[in-house]
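Reading the structure
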Amino acid sequence: MSFLLDKIEDELEMTTVCYRPEGLEQLEAQTNFTKRELQVLYRGFKNECPSGVVNEETFKQIYAQFFPHGDASMYAHYLFNAFDTAQTGSVKFEGFVMALSTLLRGTVHEKLRWTFNLYDINKDGYINKEEMMDIVKAIYDMMGKYTYPVLKQDAPRLHVEVFFQKMDKNKDGVVTLDEFIESCQEVRTFLFNFLEFFECVINMGA
């Protein structure tokens, strides 16, 4: 995810465009992007999604290009579900750019809320150990076994155990939003998106 966001940031800095989506002024008021930046994002969105909406399959195709040595399909599935807040099976430009605004320009609290939503796969307001395991395993699969061949096979489970124990403050078997935010703010090196999270886990060792 961090590579994709960096690429978007680079394009925002370098590209000039002529596209102007409907409701640009409203989006500018609702996001942390300028008119020019919204135009850049709109052009890229329309290039990838001429129909004006992005679906899960498109997410999978994009991530497959970024991670050719792994299987990014499950991570793309979970990420798409986080973008698809209305659970309609598709994301319009407005919803896409609102999420990017949070991820690229949001406050620490906003980023953590968004990240919590990504972990909360069944959207019940809690993160359980199985959900955390599903996300972390999807990240390992996406990075590919040849990318980090020194990792032990049970490394995802061990890392989930460590992080879950730190986050589940009252030891009731689930992590609430408050517990999640508190834990992440206590650990200053905690990173807000999942590729960076994965890199942090790798650095801790198996």
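Residues numbered from 1 in each chain as written. Predicted model: local features only at pLDDT ≥ 70, side-chain atom pairs only at ≥ 80, totals over all residues. Heavy atoms only, no water.

If you check an unreviewed UniProt entry, the protein appears there as Potassium voltage-gated channel interacting protein 1 from Chelonoidis abingdonii. On record in UniProt, under Sequence similarities (unreviewed entry), the comment for the protein is "Belongs to the recoverin family." (UniProt positions renumbered as here; feature names shortened; annotations may be inferred.)

Before going further, it helps to examine the environment of Tyr-119. Note that Tyr-119 resides in helix H7 (residues 108-119). When the C-alpha positions of Tyr-119 and Tyr-78 are compared, they lie 8.3 Å apart, and in sequence the two are 41 residues distant. (Helix = DSSP H or I, 4+ residues; strand = E, 2+ residues; numbered from the N terminus.)

Applying the stated criterion across every chain yields a total of twelve aromatic pairs. Seen from their ring centres, Phe-59 and Phe-80 are 5.3 Å apart, and the 75° between their planes marks the pair as edge-to-face. Here the residue Phe-59 occupies a position in helix H4 (residues 56-66), and Phe-80 occupies one in helix H5 (residues 73-83), the gap between them amounting to 21 residues. By relative accessible area, which is 2% here, Phe-80 ends up buried. Both rings, one in Tyr-63 and one in Phe-67, keep their centres 6.1 Å apart while their planes meet at 10°; by these two values the pair is stacked. (Phe/Tyr/Trp six-rings, centres within 6.5 Å; stacked < 30°, edge-to-face > 60°. Buried < 20%, exposed > 50% of the residue type's maximum accessible area, 1.4 Å probe, protein only.)

Okay, the nonpolar core next. Side chains of a nonpolar character, in soluble globular proteins, are inclined to be buried together. Core analysis: the largest hydrophobic core is formed by 52 residues, its most contacted members being Tyr-63, Leu-79, Phe-83, Trp-114, Met-132 and Phe-180. Broken down by element, the residue count for this core peaks at eight residues, all from helix H8 (residues 129-143). (Core = buried A, V, L, I, M, F, W, Y, C linked by side-chain atoms within 4.5 Å.)

Listed under "domain: EF-hand" (unreviewed entry) in the UniProt record, and renumbered for this structure, are residues 107-142 and 155-190. Between the C-alpha atoms that bound residues 107-142 there is a distance of 27 Å. The span itself is 72% helix and 6% strand.

Two elements in contact, H4 and H5, have axes whose closest approach is 9 Å; the angle formed by their N-to-C orientations is 130°. Between H4 and H5, the angle falls in the class oblique. Considering how the two elements wind past one another, H4 and H5 form a crossing that is right-handed. Residue-level inspection shows Glu-56, Phe-59, Lys-60 and Tyr-63 of H4 in contact with H5, the latter providing Ser-73, Tyr-75, Ala-76, His-77, Leu-79, Phe-80 and Phe-83. Residue classes in the contact of H4 with H5 are distributed as seven nonpolar, two polar and two charged. (Axes fitted to C-alpha atoms, helices over the stretch in contact; angles between N-to-C directions. Parallel < 35°, antiparallel > 145°, perpendicular 65-115°, else oblique. Left-handed = near helix turned anticlockwise from the far one by under 90°. Contact = heavy atoms within 4.5 Å. Nonpolar A, V, L, I, M, F, W, Y, C, P; charged D, E, K, R; others polar.)

This brings us to the pattern of salt bridges. Throughout the structure, instances matching the rule amount to four salt bridges. With a closest N to O distance of 3.3 Å, Lys-129 and Glu-161 form a salt bridge. A residue pair is termed long-range when its members are at least 10 positions apart, and Lys-129 in helix H8 and Glu-161 in helix H9 (residues 155-167) qualify at 32 residues. Here Lys-129 falls in the partly exposed class, since its relative accessible area comes to 31%. Notably, a salt bridge pairs Asp-141 with Lys-137, separated by 3.2 Å at the nearest N-O pair. With Asp-141 and Lys-137 both in helix H8 and four residues apart, the pair spans about one turn of that helix. Under the relative-accessibility criterion, Lys-137 is labelled partly exposed at 42%. (Salt bridge = Lys/Arg side-chain N within 4 Å of Asp/Glu carboxyl O.)

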